[in-house]
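# Per-entry structural report
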Amino acid sequence: MRAPVLVHDALTLAERCKDAASVALIGLLLGVPMVGLTTVDQGGALQVATRWPLLGAFVLAVFVGRLVLRYSIDRVSAGKRLRERAEGAATASSAGGAGWVRQLGIAALVLALLMPIVFSDNRYVVDTATTVLIYVMLGWGLNVVVGLAGLLDLGHVAFYAVGAYAYALLSTQFGWGFWAALPVAGGIAALAGLLVGWPSLRLRGDYLAIVTLGFGEIIRVVLVNWTDFSGGPNGIASIPRPSFFGLPFRPPGDTPSFAGFFGLEFSPMHRIVFLYYVILLLCLITNLLVTRLRKLPIGRAWEAVREDEIACRALGINVTGVKLSAFVFGAMLGGVAGVFFAARQGFISPESFTFNESAIILAIVVLGGMGSQLGVVLASLVLVLLPELGRDFSEFRMLLFGAAMILIMIWRPGGILSRREPTLRVARKEGGA
Amino acid sequence: MSDLLQPILTVDRLTMRFGGLTAIDDLSLAVPARKITAVIGPNGAGKTTLFNCMTGFYKPTLGSVRLNHPQRGVLALEGLPSHAVAHRAQVVRTFQNIRLFPRMTVLENLIVAQHNPLQAASGFSLAGLLGLPAYRRAEAKALETAVGWLTRLKLIDKADVAAGDLPYGTQRRIEIARALCVDPVLLCLDEPAAGLNPRESAELNELLQSLVADDDLSILLIEHDMSVVMNVSDHICVLNYGRKIAEGTPEEIRNNPSVIQAYLGEEEDENMDASTEGAAP
């Protein structure tokens, strides 16, 4: 366990005190300006006042806190090592672990299907769940690029934006419907992926990250400034919402509508729930595709390129082509998510496609466990719900968010679900033949 | 059977310079077909650079590398990108520092090596996504090939274990098994015996000999372990400072004065033990 600590493992009391004292010293240095000194208003003029007792209490708290923290980290990692040794003795239990993940996945699917029925009158819950699913979709798209193919893409939001604007323009300018525009906009995003990927995928690691970061910003800056095309900072408004096989979600009137056709009383919730099921369907298709692709030669090549590019070349694999296919596929999924986003919001502007979004999507992939499909779902839940649940903490909620991320990194350094499932086994063949 | 005499690979006046350093200097070499050829030489003699020039990882400064492919005729390797050397020319190499896909299982490593035929069978993933029978047959065949090599290299028990979790000697065998899955005509092994214990080296010898005898393979290997080089090689080429200083049968090489000088005459020579060990029997 290589936790970022000053000293390692089983320590004597003196060593623990020394460690805590050194941390307390840092606390003291930081504390003098932050706690020890303050300004007070004395008759209209500002004067510096000292708060040494408070500083003393602060440093003492750091000292004791460090002792306790260090002790508990040591206990946890010692326990972990014991468990790892026990697991090492029984490696054969790996098939059981796969079953566990599968069951969790099925349970999550059942929950996702039932959720809007249970909360059919709670718009906030269904809306939030839809947001979670958008991030799941984006996460799965990026997971192909980052988690499977190992290409660090910091500009995934660019393809999300391309998809969203493609749909917005196709629908408002040319009157395309949602379902017709969906594959076309996905294709446009894939084309954008091809254009960026073709020259830049020769780069490795950090360099690729910088290029994709730059591309993400270029798209946003173009959208802000090319007013004739994208509406500039004002964005594009009144984007048509998806309809239920041609039946719009509108109060019953002259034209047929969803509520009128089924003889239901009109409720704005119909559309919210419908949108939820649309994104759920898109997510399920995505999941099916990615799971199948992973078990095909191209999926295994993606992972092989992540593991060792040079070995791939020596085995006759065209690494550029493999990387490009992962990048384009991820871009297409991002574009499809963008189409849904535009259709759901009814309004888009460059504001929605900042670097912050890319960072959150990347965080979802990394926290979830690179390459893990279910991990992405769990991480999306955490990353979308935490800020929502934290609303009561007002300005501290981002602090809470940061603390939760650090905790996940300490407990699960490889991500929430870091276990990798083999794409095929020898046993399966013997059973089939 | 004229190709018994004809070399499978001909290196002609190959030169590789890195800035001011000449790693390979005007090297010509013929690798006989269906034989084991060893390239030996002190550290820094240019052996791995030679491999890199042959397999498309480096573009040589001068000279040519010609493969006499049994089915496809004569191919120029020096202009091909590395993946084409493996795919089209079927010249497959391993690495001095093992390069497996550590988090993938041993079986997956061997299946990845069959990427090109499988990818073609999967119709660029469309037939594969639909699970068409043609793709399933190709997958079953790839699995059979992989299981065949795993059984032959005594790796079958480890098939479903992540490759990176296995001991060093086993990883070396996996890398050879993986290279064999590409279906090479010429197998280039970069120090396959490095880090192996004597029993493992003896097993390697047997494997190399059976690959040539039973599978019609030609093998080119770089090796420091003289127990391997002297026992299995039909032909040895000695490099020093990027030049060929000797060539011949193991017996000729063992008694060649310039080879002895290259190995023993160096001041900071790490290979002294190995060469005396090889010369002892």
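Throughout, residues of each chain are indexed from 1 in the direction in which the sequence is written. Whichever chain is written first becomes A and whichever ligand is written first becomes 1, with later ones labelled in order. The predicted origin of the model limits local features to residues at a pLDDT of at least 70 and limits the giving and counting of side-chain atom pairs to 80 or more, whereas totals for whole chains, interfaces and linings rest on all residues. To get the side-chain values, all heavy atoms of the structure are used, and hydrogens and water are removed first.

Our working definition: UniProt positions are given in the numbering used here, feature names are shortened, and annotations may be inferred rather than shown by experiment.
Per an unreviewed UniProt entry, chain B goes by the name Branched-chain amino acid transport system ATP-binding protein and belongs to Propionivibrio dicarboxylicus. A UniProt comment under Sequence similarities (unreviewed entry) is attached to chain B, and it reads "Belongs to the ABC transporter superfamily."

Named according to an unreviewed UniProt entry, chain A is Branched-chain amino acid transport system permease protein originating from Propionivibrio dicarboxylicus.

## Here we look at the pattern of salt bridges
Note the threshold: The rule for a salt bridge is simple: a side-chain nitrogen of Lys or Arg has to be within 4 Å of a carboxyl oxygen of Asp or Glu. Each helix is a run of H or I in the DSSP string that is no shorter than four residues. Each strand is a run of E no shorter than two, and both are numbered from the N terminus. Relative accessible area decides the class of each residue, using a 1.4 Å probe on protein chains only: under 20% of the type maximum gives buried, over 50% gives exposed, and in between gives partly exposed.
One pass over the full model with this rule turns up 24 salt bridges over all chains. The partner of Glu309 of chain A in a salt bridge is Lys323 of chain A, with the nearest N and O atoms 3.5 Å apart. Of this pair, Glu309 of chain A sits in helix H12 (residues 309-314) while Lys323 of chain A sits in helix H13 (residues 319-345), placing them 14 residues apart in sequence. Given the relative accessible area of 18%, Glu309 of chain A is considered buried. Here Asp25 of chain B and Arg243 of chain B are joined by a salt bridge, their closest N and O atoms 3.0 Å apart.

## Concerning the interface of chain B and chain A
A common measure of how large an interface is: the accessible area buried when the components associate. Rules: For this analysis, residues touch if any pair of their heavy atoms sits within 4.5 Å. A 3.5 Å cut-off defines polar contacts: any pair of N or O atoms within that distance qualifies, except that in protein one atom must be a possible hydrogen donor and the other a possible acceptor, and neighbouring residues in sequence count only when both atoms are side-chain atoms. Under the scheme applied here, ten amino acids are nonpolar (Ala, Val, Leu, Ile, Met, Phe, Trp, Tyr, Cys and Pro), four are charged (Asp, Glu, Lys and Arg), and all others, including Gly, are polar.
In this complex, chain B contributes 40 residues to the contact, which on the side of chain A involves 33 residues. Inspection of the region where chain B meets chain A yields four salt bridges. The closest approach of N and O atoms between Arg300 of chain A and Glu139 of chain B, which form a salt bridge, is 3.8 Å. Taken together, the links from chain B to chain A amount to nine residue pairs in polar contact (both at pLDDT 80 or more). Residue composition of the side of chain B that touches chain A, grouped by class: 21 nonpolar, twelve polar and seven charged.

## Brief notes about unusual backbone geometry
The backbone of Ser238 of chain A sits at a positive phi, close to 40°, despite the residue not being glycine. Residue class for Ser238 of chain A comes out exposed when judged on its relative accessible area of 64%.

## With respect to the environment of Leu195 of chain A
As for its placement among the helices and strands, Leu195 of chain A is situated in helix H6 (residues 178-200). Residues Leu195 of chain A and Arg271 of chain A, 76 residues apart in the sequence, show an inter-C-alpha distance of 36 Å.

## Looking at a nonpolar patch on the surface
Residue and element names in this part refer to chain A. Operational definition: Each patch is built from residues lacking any salt bridge and having more than 30% relative accessible area; the joining distance is 9 Å for like charges and 5 Å for nonpolar side chains (Val, Leu, Ile, Met, Phe, Trp, Tyr). Here the Shrake-Rupley method, with its probe set to 1.4 Å, supplies the accessible areas, and only the displayed protein chains count as covering residues.
On the surface, a cluster of nonpolar side chains totalling about 770 Å² of accessible area is made up of Ile106, Leu109, Val110, Leu113, Leu114, Ile117, Val118, Phe119 and Leu284. Top contributing element to the nonpolar patch by residue count: helix H3 (residues 94-118), with seven residues. Considering the arrangement of structural elements, one finds Leu114 in helix H3.

## Comments concerning the packing of helix H14 (residues 355-368) of chain A against helix H15 (residues 373-389) of chain A
Residues and elements named next belong to chain A. To keep things clear, this is the line we draw: For helices, the fitted line uses only the C-alpha atoms of the stretch in contact; every axis is such a line through C-alpha atoms, and the angle between N-to-C directions lies from 0 to 180 degrees. Should an angle fall under 35 degrees it is taken as roughly parallel, and over 145 as roughly antiparallel, whereas 65 to 115 is taken as roughly perpendicular and any remaining angle as oblique. Take the far helix as the reference: if the near one is turned anticlockwise from it by less than a right angle, the crossing is left-handed, and if turned clockwise, right-handed.
Running from N to C, H14 and H15 cross one another at 125°; their axes reach a closest spacing of 8 Å. By the angle class used here, H14 and H15 are oblique. The interaxial crossing formed by H14 with H15 has right-handed handedness. Side by side, H14 and H15 meet where Ile360, Ala363, Ile364, Leu367 and Gly368 of the first sit next to Gly375, Val376, Ala379, Ser380 and Leu383 of the second. Residues belonging to the contact of H14 with H15 are distributed by class as follows: seven nonpolar, three polar and no charged.

## Section: the environment of His69 of chain B
Residue and element names in this part refer to chain B. Residue placement: His69 occurs in strand E4 (residues 62-69). Taking the C-alpha atoms as reference points, His69 and Pro102, separated by 33 residues in sequence, lie 32 Å from one another. Sequence-distant contacts of His69, defined by excluding residues within four places in its chain, comprise Leu75, Arg88, Ala89, Gln90 and Val185. For His69, the side chain forms a polar contact with the main-chain nitrogen of Arg72, separated by 3.0 Å.

## Focus: the packing of helix H11 (residues 297-307) of chain A against H13 of chain A
All names here are of chain A. Contact geometry for H11 and H13: axes closest at 10 Å, N-to-C directions at 105°. Our classification of the angle between H11 and H13 gives roughly perpendicular. Listed contacts from H13 to Ile298, Ala301, Trp302 and Val305 of H11 are Val319, Val322, Lys323, Ser325, Ala326 and Phe329. Broken down by class, the residue content of the contact of H11 with H13 amounts to eight nonpolar, one polar and one charged.

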